[in-house]
Amino acid sequence: GDSVTQMEGPVTLSEEACLTINCTYTATGYPSLFWYVQYPGEGLQLLLKATKADDKGSNKGFEATYRKETTSFHLEKGSVQVSDSAVYFCALSVKGGGGADGLTFGKGTHLIIQP
Amino acid sequence: ETGVTQSPTHLIKTRGQQVTLRCSSQSGHNTVSWYQQALGQGPQFIFQYYREEENGRGNFPPRFSGLQFPNYSSELNVNALELDDSALYLCASSLAGTGAPWTTFFGQGTRLTVV
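What counts and how
Residues numbered from 1 in each chain as written. Chains lettered and ligands numbered in written order. Predicted model: local features only at pLDDT ≥ 70, side-chain atom pairs only at ≥ 80, totals over all residues. Heavy atoms only, no water. Helix = DSSP H or I, 4+ residues; strand = E, 2+ residues; numbered from the N terminus. Rg over C-alpha atoms; globule rule 2.2 N^0.38 Å. Buried < 20%, exposed > 50% of the residue type's maximum accessible area, 1.4 Å probe, protein only. Areas by Shrake-Rupley, 256 points an atom, 1.4 Å probe, with all protein chains shown as cover. Lys, Arg positive; Asp, Glu negative; His and termini not counted. Charge placed at Lys NZ, Arg CZ, Asp CG, Glu CD. Contact = heavy atoms within 4.5 Å. Buried area = accessible area lost by both parts, 1.4 Å probe. Polar contact = N/O pair within 3.5 Å; in protein donor to acceptor, adjacent residues only side chain to side chain. Pairing = 2+ DSSP bridges. Axes fitted to C-alpha atoms, helices over the stretch in contact; angles between N-to-C directions. Disulfide = S-S within 2.5 Å. Salt bridge = Lys/Arg side-chain N within 4 Å of Asp/Glu carboxyl O. Core = buried A, V, L, I, M, F, W, Y, C linked by side-chain atoms within 4.5 Å.

**Observations regarding the overall build of chain A**
- Scanning chain A for helices and strands turns up 0 helices and 12 strands.
- Its helices and strands taken in sequence order, chain A reads β-β-β-β-β-β-β-β-β-β-β-β from the N to the C terminus.
- For chain A, whose C-alpha radius of gyration is 13 Å, the value lies close to the compact-globule estimate of 13 Å for 115 residues.
- When each of the 115 residues of chain A is scored for burial, the buried share is 46%.
- Surface accessibility of chain A: about 5200 Å² in total, with carbon and sulfur atoms responsible for 47%.
- Treating the 9 positive side-chain charges of chain A as one cloud and the 12 negative ones as another, the clouds have centres 7 Å apart.

Next up, the structure:
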């Protein structure tokens, strides 16, 4: 079945450090890929998405590129802020964006940014 | 602000009881999905409703059931509650049928504790 594997946390960085959170996937079809963020006490928010190979999703300084050859969708940011502290989830959907099979999520990576 | 609202925000139930969780989808969205997020885990897809019909289901037993109403609001019902049902339950809405990849928007969730 479809699955998502992402690096486990917590990941602790100092403010203004560079961030990479690794995400790889296994899918039977040709998935769309997503990063969601969950701030403490809140639901999930879509951070960025990419729907085909070599697409780059970007938002709020975060970027991720859909790499079909390595089945990866790593999340990157050049300079993190304390406000980026949250749990980040990589997810996929084979049927567009949450089709009849829903979204398949990784276990999440807890990011902690220290001042 | 995603426009997806859930109620109640917190709930405590006793093992063996039944519970109903409610969700109001984002305006204009015709598809609603429910996810279970156990502590420290990624969300797991329970099922999805499209135009009031169940459109897909994850690996959850029949005691998890749902409804979608003509105004696209939705309910998740869980019968015979078990301790392992304790989790954050997330409702998500999408617009399907446009031919374009979907974006799924999540509510803030209902925290269910079974004692």
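Moving on from the model shown.
**Overview of the interface of chain A and chain B**
- Facing 21 residues of chain A, the contacting portion of chain B comprises 20 residues.
- Buried area between chain A and chain B, summed over both chains or domains, comes out near 1600 Å², and the portion from carbon and sulfur atoms is 53%.
- Where chain A touches chain B, the interface holds 2 residue pairs in polar contact (both at pLDDT 80 or more).
- Every element with two or more residues in the side of chain A that touches chain B is listed here: β5 (32-38) and β6 (44-50) of chain A.

**Some details on the sheet that holds strand β8 (residues 62-65) of chain A**
All names here are of chain A.
- In space, the 4 strands of this open sheet follow the order β3-β9-β8-β7, with antiparallel pairing throughout. With one partner strand each, in any of the chains shown, β3 (19-21) and β7 (56-59) form the two edges of the open sheet. With direction set aside, neighbouring strand axes in the sheet form an average angle of 20 degrees.
- For β7 and β8, the ladder comprises 4 bridges, and the chain directions are antiparallel. Within β8, the residue paired with Lys 56 across the bridge is Thr 65.

**Side note on the sheet that holds strand β8 (residues 74-78) of chain B**
Residues and elements named next belong to chain B.
- Strand order across the open sheet formed by 4 strands is β1-β3-β8-β7, with antiparallel pairing between neighbours. Strand pairing shows two members of the sheet lacking a second neighbour, β1 (5-7) and β7 (64-68), which therefore form its edges. Averaged over all pairs of adjacent strands, the angle between their axes in this sheet comes to 20 degrees, without regard to strand direction.
- Here strand β3 (residues 19-24) pairs with β8 via 5 bridges, running antiparallel. Opposite Leu 21, over in β8, you have Leu 76 as the bridge partner.

**A word on the state of the cysteines**
- For the coordinates displayed, the defined rule picks out 2 disulfides over all chains.
- Across the disulfide from A:Cys23 sits A:Cys90; the S-S distance is 1.9 Å. One quick way to see it: the torsion about the S-S bond of A:Cys23 and A:Cys90 is about -70 degrees, and its sign makes the bridge left-handed. Within this pair, whereas A:Cys23 is found in strand β4 (residues 23-26), its partner A:Cys90 is found in strand β10 (residues 86-93), the two being separated by 67 residues in sequence.
- Taking relative accessible area as the criterion, A:Cys90 reaches 1% and is therefore assigned buried.
- The partner cysteine of B:Cys23 in its disulfide is B:Cys91, sulfur to sulfur 1.8 Å. Measuring handedness by torsion sign, the sulfur bridge of B:Cys23 and B:Cys91 sits at about -65 degrees and is left-handed. Here B:Cys91 lies in strand β9 (residues 87-94) and B:Cys23 lies in strand β3, a separation of 68 residues in the sequence.
- You can call B:Cys91 buried: its relative accessible area is 0%.

**Concerning the pattern of salt bridges**
Residues and elements named next belong to chain B.
- Applying the stated rule across the entire model yields 7 salt bridges over all chains.
- Between Arg 63 and Asp 85 there is a salt bridge whose closest N-O contact spans 2.8 Å. Residue Arg 63 is located in the loop between β6 (53-57) and β7, and its partner Asp 85 is located in the loop between β8 and β9; the two are separated by 22 residues in the primary sequence.
- Residue classification places Arg 63 among the buried positions, given a relative accessible area of 18%.

**A look at the nonpolar core**
- By size, the foremost hydrophobic cluster in this structure holds 26 residues, and its most contacted members are A:Trp35, A:Leu48, A:Phe73, A:Leu75 and A:Tyr88.
- Where this core is concerned, the elements lending two or more residues are β2 (11-14), β3, β4, β5, β6, β8, β10 and β12 (109-114) of chain A.
- Here this core takes 4 residues from β10(A), the largest share from any one element.
- Setting aside residues up to four positions removed in sequence, A:Tyr88 forms contacts with A:Gln6, A:Ile21, A:Trp35, A:Tyr36, A:Val37, A:Leu47, A:Phe62, A:Leu75, A:Gly108, A:Thr109 and A:Leu111.
- The next biggest cluster of nonpolar side chains, apart from the first, holds 19 residues, and it includes B:Cys23, B:Val32, B:Phe60 and B:Val78.

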